[in-house]
Amino acid sequence: MEKYGLIGYPLKHSFSSKFFGEKFETENINAEYSNYEISDINTLPSIITSDPYLKGLNVTIPYKEQVIQFLDELDDTAKAIGAVNVIKVIRKENSIILKGYNSDLIGFQNSIEPMIDPLLHTKALILGTGGASKAVKYGLKRLGIESKFVSRTARRDSFTYDDLTEEILSEYKVIVNSSPVGTFPNVEECPAIPYEYLTDSHLLYDLVYNPPVTKFLELGQKQGAKIKNGGEMLQLQAIAAWKIWNDI
């Protein structure tokens, strides 16, 4: 039986496990998907070597960047982004080759693209600077949208949350939350942006999908902004991961 899985920490509410479990059942695929909740990325090699049937892994918070040091190869997109969320395990007679990919890019870009108004949405703010944020930035660039990161601490060529003014929000009309802030059970939390400056010209996209309408999206919607959560992105990136593992 082929094996697949997810590495990350913590893994309380795993979309991937549910998605692939249902896929294997409905499509009669003889495979198994497991969660590997690891508090130390150095555990990865032992996971790979301990199960000869493991064909692929998804990677989630906080390891999308840390995992790269353990990989033998990166595909061009993952290399350009600098983050990996899919690992293909290639087993040869006397060796194991780990190749990294980024399907977050496919999921995010294809999910947000239908909502983009090219006349309004020319600049974006990306809230958070973790591994997922890199795929978001790359995807926005491919859609012709200039973007800047927003973080809690000052960084070169980015804003802090305290920097955000009415003037900045009137210029940056796409706001993407790539941080886990607002994820269940912390549903009353939201990124600290000045929501009162949002308008019906804004588009708010949240990579969080649980709850379906986060506080971030709710406050944006109250100001008339278009909103979307990360549910579709997750499905699209999971489908892309399956194709990568199976060369479809």
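Residues numbered from 1 in each chain as written. Predicted model: local features only at pLDDT ≥ 70, side-chain atom pairs only at ≥ 80, totals over all residues. Heavy atoms only, no water.

### Section: unusual backbone geometry
- Proline 185 follows phenylalanine 184 through a cis peptide bond whose omega is 10°.
- Tracing the backbone through its elements, the reader meets proline 185 in the loop between β10 (174–177) and β11 (203–206).
- Omega for the peptide link from asparagine 210 to proline 211 comes to 10°, which places this bond in the cis form.
- Inspection of the secondary structure puts proline 211 in the loop between β11 and α7 (215–222). (Helix = DSSP H or I, 4+ residues; strand = E, 2+ residues; numbered from the N terminus.)

### Observations concerning the environment of phenylalanine 149
- Relative to the helices and strands, phenylalanine 149 resides in strand β8 (residues 146–151).
- Sequence separation of phenylalanine 149 and serine 133 is 16 residues, and the distance between their C-alpha atoms is 8.2 Å.
- If we skip the residues at most four places from it in the chain, phenylalanine 149 touches Ile126, Gly128, Thr129, Ser133, Lys137, Ser158 and Phe159. (Contact = heavy atoms within 4.5 Å.)

### Description of the pattern of salt bridges
- The full count for this structure, using the stated rule, is 13 salt bridges.
- In this structure, aspartate 104 engages lysine 64 in a salt bridge whose closest nitrogen and oxygen atoms are separated by 2.7 Å. Of the two residues, aspartate 104 sits in helix α4 (residues 104–112) while lysine 64 sits in the loop between β3 (54–59) and β4 (73–74), which places them 40 residues apart along the sequence.
- Across the pair lysine 222 and glutamate 218 runs a salt bridge whose closest N-O atoms are separated by 3.4 Å. Of the two residues, lysine 222 and glutamate 218 are both situated in helix α7; the distance of four residues between them amounts to about one turn of the helix.
- Of the residues examined, lysine 222 reaches a relative accessible area of 61% and is grouped as exposed. (Salt bridge = Lys/Arg side-chain N within 4 Å of Asp/Glu carboxyl O. Buried < 20%, exposed > 50% of the residue type's maximum accessible area, 1.4 Å probe, protein only.)

### A word on the sheet that holds strand β2 (residues 31–37)
- Taken together, six strands build an open sheet; the order of strands is β2-β1-β3-β5-β6-β4 and the sheet is mixed. In the strand order of this sheet, the two ends are held by β2 and β4, each with one partner.
- Alignment of strand β1 (residues 2–8) against β3, held across five bridges, turns out to be parallel. Looking at β3, one finds that isoleucine 7 is bridged to valine 59.
- Strand contacts of helix α1 (residues 15–26): β1, β2 and β3, with the helix running at about 170° to β2, the strand carrying the most contacts.
- Packing against the sheet, helix α8 (residues 231–246) makes contact with β1, β2, β3, β5 (86–91) and β6 (96–101), and its axis sits at approximately 150° to β3. (Pairing = 2+ DSSP bridges. Axes fitted to C-alpha atoms, helices over the stretch in contact; angles between N-to-C directions.)

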